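A look at the structure
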Amino acid sequence: MTKKWWHDKVAYQIYPKSFYDSNGDGIGDIQGIIQKLNYLQDLGIDIIWLSPCYQSPLADEGYDISDYYKIDPRFGTMDDMKQLISEAKQRNMYILMDLVVNHCSDEHEWFQKACEDPDGKYGNFFYLRDKENGKLPTNWRSYFGGPVWEDLPGTNKQYLHVFHKKQPDLNWENHELREEVYKNINWWLDQGIGGFRIDAIINIKKALPFHDYAADRDDGLCSLSSMLEEAHGIGEFLTEMRDKTFKKYDAFTVGEVFNEKPEEVPDFIGENGYFSSMFDFNEAIFGGSDKGWYDAKQITPDDYKKCCFESQKKIGTIGFLCNIIENHDEPRGVSRYIPEGDCCPHSKTMLAALNFMLRGIPFIYQGQELGMENQTFHSMKEVDDISTINEYQIALDAGLSEEEALKAVSRFSRDNARTPMQWSSDQNAGFTDGTPWLNVNPNYTSINAAKQQADPDSVLNFYKKLIALRKNPEYKETIIYGTLEPYLETQHNLMAYYRIGNKTLLIIGNYQKEPQNALLESSIKKVILNNYDNLSEKNNTVTLKGYQLLILEM
Ligand code: TEU
Ligand code: CA
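Our subject in this report is the structure included herewith.

Ideal coordination angles are 109.5 degrees for a metal with four donors arranged tetrahedrally and 90 or 180 degrees for a metal with six donors arranged octahedrally. Taken together, Asp21 (OD), Asn23 (OD1), Asp25 (OD), Ile27 (O) and Asp29 (OD) make up the protein donors of the calcium ion (ligand 2), found 2.2 to 2.3 Å from the metal. Site description for the calcium ion (ligand 2): donor spacing in sequence, D-x1-N-x1-D-x1-I-x1-D. Residue class for Asp25 comes out partly exposed when judged on its relative accessible area of 38%.

What follows is the structure in structure tokens.
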């Protein structure tokens, strides 16, 4: 495998709106990020992925872009962005921008021009269809609810949007559109960024000609999955994009890919893949239901283990996955993957290490390094996220009471991860001097960065140790390039695996609050990391305390 500059890196995702507010308007901003670069450097971060901060009406919190060349004034200016890129560089850090090109905003100039002249150049930047009295062009359901079709203002046409109606899909079949996208990518790479996280990219190829699929809910609509399954040829777009942009810059790219088949893995992330890497969502999508969030199944420790190992087996040494515990679209990982009532520093650090030591590139989502937990929502008035609002309605339509529906969507709400970063026990968690745009989680007085910095046994300091270990010259090769072999795979509530390279490491976590024994196959050379002060071992058997985690050199 050809070594790449990004193989040994550790990445961190920033959700700008909720990271740090430098000017008291309640909204996080780029100057706020600059002020926290030393915090990230101290943690050991090399790559920073910024969720979108381009000009946007923020209907989907920035994933609806109205100008790809501008920074939204709420986040700052292009000069701020240039300053961020250069300050990051001084600290040997790279910035990844979020590439959102399946769709733009309905407030983008292209869309405005398409409305003015649907048969002209910009009409062909979108998927437009004539309105036929009362009948929709297709029965597809958008990810955020309702049909994917919406009237094109001022015309007798409709446009396609697989996400929100304020996010019209871009027509990738049109080479003029593709060239505009590549021009923008290259422009950003010329600003000195390290690469991109690539949003919702599997949606850019549609099955043509459009047609209906079997309805799967009472609304008469169908999920987009059948259409996407039928859409062949995304590789041509992705190859062209790679060759005309990323490749020339040796950029690091991470695709948000959900539905690749095992035989397609080399195309996506192999030696000359479309992307450098892609996220592993296997745990995140576990238990999902076609009916909606309210019907989703809770994940157990054994399921979690199974999901991780499944992905590892699927990828093998073909390439590198990006491993995550959470992101801005998911609830907090500790609230999701640790059995209810068991969230504590031991379980949180166990989960951290089990995920972090997998083969792949670790991505930490802001606040994850503190073990930030889900928010408690008392009413839908406290919710901002359009996806949660839609899923709440779906739950009500399915017959749940308001209380039940709120409880059901609270478990999965994207706002769980979007509450402001908990910096300190000062007012508003030290995030802002003003009124935060989204409520702070009231647990900030106990869970915050300042407190954890001072506590050697904190989740934060454990993350620092994990990151330092990945960079330790003695173990680096093994942690980055070593293979992964599950160990004691069928032992209930135990997750263990070897990482094998020039060293042999055993990562072992007792995924329950009760103690349990684990048999070792060989003797321990060295205890590299332990989330308890001591280790009980006799006759090649370790007795692990509740949620005890060990990284051992064997
Ligand atoms: O997410 C794509 C995606 O598949 C999500 O719609 C996911 O299923 C959903 O968030 C679950 O609620 C990306 C972004 O990460 C997300 O924030 C955007 O809303 C979406 O694309 C549209 O740009
Ligand atoms: Ca601000």
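It is worth spelling out the site of ligand 1 at this point. Taken together, 17 residues sit near ligand 1, with Asp60, His103, Asp199, Asp329 and Arg414 positioned nearest. Glu256 is positioned such that a nitrogen or oxygen atom in its side chain is 3.1 Å from an oxygen atom of ligand 1. Within the contact set of ligand 1, an oxygen atom lies 2.9 Å away from a side-chain nitrogen or oxygen of Ser387. Calculation on ligand 1 without its partners gives an accessible area of 490 Å², and the protein chains cover 88% of this total. Considered class by class, the residues forming the shell around ligand 1 number six nonpolar, four polar and seven charged.

This part is about the side chain of Thr419. Assignment of secondary structure puts Thr419 in the loop between α15 (415-418) and α16 (449-453). A relative accessible area of 1% places Thr419 in the buried class. Excluding its chain neighbours within four sequence positions, the residues that come into contact with Thr419 are Ser18, Met372, Gln375, Leu438, Asn439 and Asn441.

Quick look at the environment of Trp172 now. Position of Trp172 relative to the elements: it lies in the loop between β8 (157-160) and α5 (175-190). Overall, the relative accessible area of 0% leaves Trp172 in the buried class. Separated by 58 residues in the primary sequence, Trp172 and Ala114 have C-alpha atoms spaced 15 Å apart. Setting aside chain neighbours within four positions, we find Trp172 in contact with Val101, Asn102, Tyr127, Leu177, Arg178, Val181, Tyr182, Ile204, Phe237 and Met241.

The next thing to look at is the packing of helix α13 (residues 386-397) against helix α14 (residues 402-412). How two helices sit against one another is set out by the angle between their axes and by the gap between those axes. Where α13 meets α14, the closest approach of the two axes is 9 Å, and the angle between their N-to-C directions is 135 degrees. The orientation of α13 with respect to α14, classified from their angle, is oblique. Crossing hand, α13 versus α14: right-handed. Facing Thr388, Glu391, Tyr392, Ala395 and Leu396 of α13, the residues of α14 in contact are Glu402, Ala405, Leu406 and Val409. Taken together, the residues of the contact of α13 with α14 sort by class into six nonpolar, one polar and two charged.

Attention shifts here to the sheet that holds strand β14 (residues 483-487). The strand order β14-β15-β16-β21-β18 describes an open sheet built from five strands, whose pairing is antiparallel. A strand with exactly one partner marks an edge of an open sheet, and here the two such strands are β14 and β18 (526-530). The mean inter-strand angle of the sheet, taken between neighbouring strand axes irrespective of direction, is 20 degrees. Across four bridges, the pairing between β18 and strand β21 (residues 549-553) is antiparallel. Bridging across to β21, Val527 finds its partner in Leu552. The strands touched by helix α12 (residues 345-356) within the sheet are β15 (494-500), β16 (504-510) and β21, with β16 carrying the most contacts at an inclination of about 145 degrees. Strands in contact with helix α17 (residues 459-471) are β18 and β21; relative to β18, the strand with the most contacts, it is inclined by about 140 degrees.

Here is what the cut-offs are and how they apply
Residues numbered from 1 in each chain as written. Chains lettered and ligands numbered in written order. Predicted model: local features only at pLDDT ≥ 70, side-chain atom pairs only at ≥ 80, totals over all residues. Heavy atoms only, no water. Donors = N, O, S within 2.8 Å, 3.2 Å for Na, K, Ca; no water. Buried < 20%, exposed > 50% of the residue type's maximum accessible area, 1.4 Å probe, protein only. Near = heavy atom within 4 Å. Polar contact = N/O pair within 3.5 Å; in protein donor to acceptor, adjacent residues only side chain to side chain. Areas by Shrake-Rupley, 256 points an atom, 1.4 Å probe, with all protein chains shown as cover. Nonpolar A, V, L, I, M, F, W, Y, C, P; charged D, E, K, R; others polar. Helix = DSSP H or I, 4+ residues; strand = E, 2+ residues; numbered from the N terminus. Contact = heavy atoms within 4.5 Å. Axes fitted to C-alpha atoms, helices over the stretch in contact; angles between N-to-C directions. Parallel < 35°, antiparallel > 145°, perpendicular 65-115°, else oblique. Left-handed = near helix turned anticlockwise from the far one by under 90°. Pairing = 2+ DSSP bridges.

Keep in mind these values describe shape, not function.
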